[in-house]
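Understanding the architecture of this molecule
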Amino acid sequence: MHSIATPGIWAAFVAILLIALAVDFALLRAAGPRRVTFRAAALWSAAWVGLALAFNLGLWAWLDAHAGRAVANEVGLEFLTGYLIEKALAVDNIFVFLLVFNTFAVPPPLRQRALMLGVLGAIVLRALLIFVGAALVAKFHWLLYLFGLFLLLTGLKMLFATASAPDLEQNAILRWMRRHLRITRDFRGDALAVREDGRRWFTPMFVVLVLIAVTDVIFAVDSIPAIFAVTLDPFIVLSSNVFAVLGLRALFFLLAGMADRFHLLGHGLAVVLLFIGAKMLLAGIWKIPIGVALVVVALVIAASIVASPLIPPRKAGAG
C-alpha cells in the first residue's frame, strides 16, 4: 500500500488524534449534566473544522517542501474532497442518531456519552475497514469497479428512500433485542445492564448503544468505498475520515433542532454517491480530475442545503 505519509507524519497524526479525543472527553466531563447550547456547539464545530483544515495545510506545506508543489496540491485536494464527502455523510449519520435518541427519550447527559462512544467506535471501525480495503484494492484493483457499482446502487436506494421517513420500529436489530432480551422500562443512569431478582436486565442505554454501533457500521460501509474513488492512499483515506468524525458530538448538538430544515440533504448525498460511483466506473476510460470532483461534490451539497428551506418537504401520501 503506497502512501505519501512517513512514520513521522503517522506519529504526528496519531498524536493529534489522541490530544483531540482527550480534549473532547475533558469537555464532556466538565460540562457534566448541563445541556450543550447552540452557541457552544457552533463554536466547537467551527474549531473541529478549523483543526482539519490546519492539518491539511500542514500536510500540504510538508509535501511542498519535500515532494514538490504538484504533489502537495494533489494531496491537499484529495484530503479536502474526502473530508467534505465524509463530513456530509456524517451529517446524515447525525440525523439517524437523533431519531434513535428521540425514540428512546435519551436524557441530554446520556446523549453526550453515547455520542462519544459512537465517535470512538466509528474511528476504530473505519480504521479497520480502511486498512483491509486498501490492502484488498492494492492486490485486486478490479474491486474498485465493484465499489463503484455498490455506490451507484446505494445512491439510488438513498434517493428513493428519502421520500419516506425512516421507521425505527421496523429495525431488525431492535426487534430482535426486544424479543430475546429483558429490557428495563427506564434508564438506570449510564448502566448498560442491571441485576434484579437474580436475573440480568438490559437498559435502554444498552439498546441505544447497539443501534448507534449498527449505524456506524452501515455508514462506514457506505462512506469508505466513496473515498477510495478520491484517493487510494490509506493515510489520506483514514485521516480525512477521522477528522470528519471527530467533531460529531458538537455537530450533533448544532443540528439537533434543524433536521427538518435540511430535508433535501439526503437527496444531495444520494447524488454525490451516484457521481462518485460513476467516477469509479469510468476511471479506466476517463479519470475525472480531483479538482472537478471537489467542485461537483461541494456544489451538490451546498445546493441541497440552500434549497431545503426554499422547497417545502412533501407531505406523506402526497402524489
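What counts as what
- Going along each chain's sequence as written, the residues are numbered from 1 onward.
- Local features are withheld for residues below a pLDDT of 70 in this predicted model, meaning they are given only at 70 or higher, and side-chain atom pairs are given and counted only at 80 or more; totals for whole chains, interfaces and linings count all residues.
- Heavy atoms throughout the structure, all of them, feed into the side-chain values; hydrogens and water do not.
- Lining residues are those with an atom within 4 Å of a point, where the points come from a 1 Å grid over the protein atoms alone and group into cavities, where a 1.4 Å probe fits but cannot get out, or pockets, open sets with protein on both sides within 12 Å along at least five of seven lines.
- Grid points are joined across faces, edges and corners, and a volume is the space filled by probe spheres set on the points.
- Helix and strand assignments follow DSSP, with helices taken as H or I runs no shorter than four residues and strands as E runs no shorter than two, numbered in order from the N terminus.
- When residues are sorted by character, Ala, Val, Leu, Ile, Met, Phe, Trp, Tyr, Cys and Pro go into the nonpolar class, Asp, Glu, Lys and Arg into the charged class, and all the rest, Gly among them, into the polar class.
- In this scheme, strands are said to pair when DSSP sees at least two bridges between them.
- Buried means the residue's accessible area, taken with a 1.4 Å probe over protein chains only, is under 20% of the maximum for its type, while exposed means over 50%, and partly exposed covers the values in between.
- Expected helix span is given by 1.5 Å per residue-to-residue step, counting one fewer step than there are residues.
- A residue's bend is the angle separating two fitted axes: one through the seven residues that end there, the other through the seven that start there.
- Here the axes come from fitting lines to C-alpha atoms, over the contacting stretch only for helices, and the angles between their N-to-C directions go from 0 to 180 degrees.
- For this classification, under 35 degrees means roughly parallel, over 145 means roughly antiparallel, 65 to 115 means roughly perpendicular, and everything else is oblique.
- Note: crossing handedness is left-handed where the near helix turns anticlockwise from the far helix by less than a right angle, and right-handed where it turns clockwise.
- Only heavy atoms matter for contacts: two residues are in contact if any of them lie within 4.5 Å across the pair.
- What makes a patch is a set of residues exposed beyond 30% relative accessible area and free of salt bridges, joined within 9 Å when like-charged and within 5 Å when nonpolar (Val, Leu, Ile, Met, Phe, Trp, Tyr).
- Working definition of accessibility: Shrake-Rupley area with a 1.4 Å probe, residue cover restricted to the visible protein chains.
- Counted as salt bridges are all cases of a side-chain nitrogen of Lys or Arg within 4 Å of a carboxyl oxygen of Asp or Glu.
- Just so you know, the count uses Lys and Arg for positive and Asp and Glu for negative, and it drops His and the chain ends.
- For the purpose of locating charges, the reference atoms are NZ of Lys, CZ of Arg, CG of Asp and CD of Glu.

**Here's the deal with the layout of surface pockets**
- The space that makes up the second largest pocket amounts to roughly 610 Å³.
- Forming the walls of the second largest pocket are 25 residues, and the residues nearest its centre are Phe228, Val230, Thr231, Leu232 and Lys287.
- Contributing elements (two or more residues each) for the lining of the second largest pocket: helix 3 (69–103), helix 4 (108–139), helix 5 (143–161) and helix 10 (265–281).
- Its residues assigned to classes, the lining of the second largest pocket comprises 17 nonpolar, three polar and five charged.

**Comments concerning the pairing of strand 2 (residues 199–202)**
- With four bridges connecting them, strand 1 (residues 193–196) and strand 2 associate as antiparallel partners. Note on strand 2: the bridge partner recorded for Ala193 is Phe202.

**Remarks on unusual backbone geometry**
- The phi dihedral of Ala105 falls on the positive side, at around 50 degrees, and the residue is not glycine.
- Residue classification places Ala105 among the exposed residues on the basis of a relative accessible area of 56%.
- Positive phi, close to 55 degrees, is recorded for Asp197, a residue that is not glycine.
- Mapped onto the fold, Asp197 is located in the loop between strand 1 and strand 2.

**Here's the deal with helix 3**
- An ideal rise of 1.5 Å per residue puts 51 Å on 35 residues; helix 3 measures up with 51 Å between its terminal C-alpha atoms.
- Directly beyond the C-terminal end of helix 3, a positive phi value near 50 degrees is found at Ala105.

**Quick notes on helix 7 (residues 204–228)**
- In a regular helix each residue adds 1.5 Å, so 25 residues correspond to 36 Å; helix 7 covers 37 Å between its end C-alpha atoms and thus fits that length.
- Roughly 25 degrees is the biggest bend found in helix 7, and it falls at Ala220.

**As for the packing of helix 3 against helix 10**
- The geometry of helix 3 relative to helix 10 is characterised by a closest axis approach of 10 Å and an angle of 140 degrees between their N-to-C directions. When the axis of helix 3 is compared with that of helix 10, the two are oblique. Here the hand of the crossing between helix 3 and helix 10 comes out left-handed. In this structure, helix 3 contributes Ile85, Ala88, Leu89, Val91, Asp92 and Phe95 to the contact, and helix 10 contributes Leu265, Leu269 and Ile276.
- When grouped by side-chain class, the residues that make up the contact of helix 3 with helix 10 number eight nonpolar, no polar and one charged.

**Brief notes about a positive patch on the surface**
- On the surface, a cluster of positive charge is contributed by Arg182, Arg195, Arg199 and Arg200.
- For Arg195, the location among the structural elements is in strand 1.
- The exposed category is assigned to Arg195, whose relative accessible area is 54%.

**Quick word on the pattern of salt bridges**
- One pass over the full model with this rule turns up six salt bridges.
- In this structure, Glu86 engages Arg126 in a salt bridge whose closest nitrogen and oxygen atoms are separated by 3.2 Å. Taken together, the residues span a long stretch of sequence, with Glu86 in helix 3 and Arg126 in helix 4 at a distance of 40 residues. The pair formed by Glu86 and Arg126 is uniform in burial state, with each residue classed as buried.
- Note that Arg113 is salt-bridged to Asp190, the shortest N-O span being 4.0 Å. With a gap of 77 residues between them, Arg113 in helix 4 and Asp190 in the loop between helix 6 (172–180) and strand 1 connect regions that are remote in the sequence.
- A single salt-bridge network, built from bridges that share partners, covers Asp186, Arg188 and Glu196.

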